[in-house]
Amino acid sequence: MKAWSKDMGSEDNDKRTSKGYVKRAESLVTYLADPNAFLTKALDMTITHEGPTAKLGPNRCKRFAALYEDGVLKALEISASEDDPAGDDDPSASCVDNMLTHC
């Protein structure tokens, strides 16, 4: 979260303020690890294109963001295209600015 807050321009020289911001942000965002790709497979979000799988290996997750409210999926955005199956060139669909349009 510290790197994220720095990227977002919210980190300052006051470590107490920065830590407070990160703590608040962590209460709003949930990060999930999926080392065995169980969730990736269950959500059908596995990258199958040969380009990324040749470079990164199998069972890699698509770049996506999901918005749930009370356990109900309200929005799902995937950053990928035919020319960019990993979503590296244009990740905007799954970035926060686009996800906020669903709120």
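In case you missed it, the structure is sitting above this.
On a predicted model such as this, the values are computed, not experimentally measured, just so you know.

S.K.: Would you explain the overall build of the chain in this entry?
M.R.: Counting secondary structure elements, the chain contains five helices and two strands. Counting from the amino terminus, helix and strand elements in the chain follow one another as α-α-α-α-β-β-α. Residues counted as buried form 20% of the 103 residues belonging to the chain. For the chain, the computed accessible surface area is about 7900 Å², with 52% contributed by carbon and sulfur atoms.

S.K.: What should I look at first to understand a negative patch on the surface in this one?
M.R.: A surface patch of negative charge is lined by Glu 82, Asp 83, Asp 89 and Asp 90. Mapped onto the elements of the fold, Glu 82 is located in the loop between β2 (72–78) and α5 (96–100).

S.K.: How do you make sense of a nonpolar patch on the surface when you look at a structure like this?
M.R.: On the surface, Leu 32, Leu 39, Leu 43, Tyr 68, Leu 73, Leu 76 and Ile 78 cluster together into a nonpolar patch covering about 610 Å² of accessible area. Sorting elements by how many residues they give to the nonpolar patch places β2 first, with three residues. Residue Leu 43 is classed as partly exposed on the basis of its relative accessible area, which comes to 34%.

S.K.: When you look at the environment of Glu 50 in this model, what are you seeing that I'm missing?
M.R.: Mapped onto the fold, Glu 50 is located in helix α4 (residues 50–56). Separated by 35 residues in sequence, Glu 50 and Pro 85 have C-alpha atoms that sit 9.2 Å apart.

S.K.: What's the story with the pairing of strand β1 (residues 64–69) in this structure? I'm lost.
M.R.: Residues in a regular strand point their side chains to alternate faces of the sheet. Pairing analysis gives six bridges linking β1 to β2, with the strands arranged antiparallel. Across the sheet, residue Glu 69 finds its bridge partner in β2, namely Val 72. Turn length for the β1-β2 hairpin, with the two strands adjacent in sequence and antiparallel, is two residues, and the turn residue Asp 70 shows positive phi of about 50°.

Here is what the cut-offs are and how they apply
Residues numbered from 1 in each chain as written. Predicted model: local features only at pLDDT ≥ 70, side-chain atom pairs only at ≥ 80, totals over all residues. Heavy atoms only, no water. Helix = DSSP H or I, 4+ residues; strand = E, 2+ residues; numbered from the N terminus. Buried < 20%, exposed > 50% of the residue type's maximum accessible area, 1.4 Å probe, protein only. Areas by Shrake-Rupley, 256 points an atom, 1.4 Å probe, with all protein chains shown as cover. Patch = residues over 30% accessible without salt bridge, like charges linked within 9 Å, V, L, I, M, F, W, Y side chains within 5 Å. Salt bridge = Lys/Arg side-chain N within 4 Å of Asp/Glu carboxyl O. Lys, Arg positive; Asp, Glu negative; His and termini not counted. Charge placed at Lys NZ, Arg CZ, Asp CG, Glu CD. Pairing = 2+ DSSP bridges.

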